[in-house]
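Given next are the chains, with one letter for each unit.
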Amino acid sequence: MTFQLPPIAKTAERLLLEIERAVAGFPRRHRYTAGADLRQQAMGITVLVHRAWRDRKQQLVLVERVMWEVDALKIRMQLCSQLRAFASLAQFEMLARIARELGKQAGGWYRQQSSPHPNTGQNAQGRQARAQRAEKLSTRGTSSWEVYR
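Only a predicted model underlies this, so the values are computations on that prediction, with no experimental measurement involved. (Residues numbered from 1 in each chain as written. Predicted model: local features only at pLDDT ≥ 70, side-chain atom pairs only at ≥ 80, totals over all residues. Heavy atoms only, no water.)

### Some points on a positive patch on the surface
Reasoning step 1: A contiguous patch of positive charge on the surface is contributed by R14, R97, R100 and K104.
Reasoning step 2: Per-element accounting of the positive patch gives the leading share, three residues, to helix α5 (residues 89–114).
Reasoning step 3: With respect to the element layout, R14 can be found in helix α1 (residues 7–24).
Reasoning step 4: Note on R14: relative accessible area 46%, which makes it partly exposed. (Patch = residues over 30% accessible without salt bridge, like charges linked within 9 Å, V, L, I, M, F, W, Y side chains within 5 Å. Areas by Shrake-Rupley, 256 points an atom, 1.4 Å probe, with all protein chains shown as cover. Salt bridge = Lys/Arg side-chain N within 4 Å of Asp/Glu carboxyl O. Lys, Arg positive; Asp, Glu negative; His and termini not counted. Charge placed at Lys NZ, Arg CZ, Asp CG, Glu CD. Helix = DSSP H or I, 4+ residues; strand = E, 2+ residues; numbered from the N terminus. Buried < 20%, exposed > 50% of the residue type's maximum accessible area, 1.4 Å probe, protein only.)

Next comes the structure, spelled out in structure tokens:
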């Protein structure tokens, strides 16, 4: 039996790997300050995604934290870009694309978790209303003429 990771976990791991590679090329003055923080934050997001995938009871809370942490990572990446820590603008843009994709996946996962499920919430209320309408149309006191009117 093989264990299949969700796409968001693969994206988080890819972002972590690419950030590790980018920070290795940072100038010394940024590698051990902003670079270390960037690496630590990317590792935290990856661990949080894996935890959210496994902990079904706390999943909504953890996925919301993933969304906020990805936003914070994007801010730190912008800071590193302004410091000119990245080897090139292309390297920063590649990381930004991966981070944007991770943010989209986290947002979609959060919406999926927070929306009502088919058997609860608004969908269930709609089914109840339809069942009541159908029941009212078929009561004994209703003549066939009133049903078609």
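Still to come is the rest of the account.
### Structural notes on the side chain of Q59
Reasoning step 1: Considering the arrangement of structural elements, one finds Q59 in helix α4 (residues 59–82).
Reasoning step 2: Judged by relative accessible area, Q59 falls into the buried class, the value being 4%.
Reasoning step 3: Excluding residues within four positions of it along the chain, Q59 makes contact with A52, W53, W109 and Q113. (Contact = heavy atoms within 4.5 Å.)

### Here we look at the confidence of the model for the protein chain
Reasoning step 1: Overall, the predicted model of the protein chain reaches an average pLDDT of 86, with 77% of residues at or above 70.
Reasoning step 2: Averaged pLDDT values over the elements of the protein chain bottom out at 48 in helix α7 (residues 144–148) and peak at 97 in α1. (pLDDT = per-residue confidence, 0-100.)

### Topic: the packing of aromatic side chains
Reasoning step 1: Applying the stated criterion to the full structure yields three aromatic pairs.
Reasoning step 2: With a centroid separation of 6.1 Å and 55° between ring planes, the pair formed by W53 and W109 is classed as tilted. Here W53, found in helix α3 (residues 34–54), pairs with W109, found in helix α5; they are 56 residues apart in sequence, far enough to count as distant.
Reasoning step 3: Ring pairs connect the aromatic residues F26, F86 and F92, which therefore count as one cluster. (Phe/Tyr/Trp six-rings, centres within 6.5 Å; stacked < 30°, edge-to-face > 60°.)

### Thoughts on the pattern of salt bridges
Reasoning step 1: Evaluation of the coordinates by the stated rule reveals three salt bridges.
Reasoning step 2: The shortest N-O distance in the salt bridge between R21 and E18 comes to 3.1 Å. Residue R21 and its partner E18 are both found in helix α1; the two are separated by three residues, about one turn of the helix.
Reasoning step 3: Residue E18 is classed as buried on the basis of its relative accessible area of 16%.
Reasoning step 4: Salt-bridge contacts for E20 lead to R39; the nearest nitrogen and oxygen are separated by 2.8 Å. Note that E20 is positioned in helix α1 and R39 in helix α3, a separation of 19 residues in sequence.
Reasoning step 5: For E20, a relative accessible area of 30% translates into the label partly exposed.

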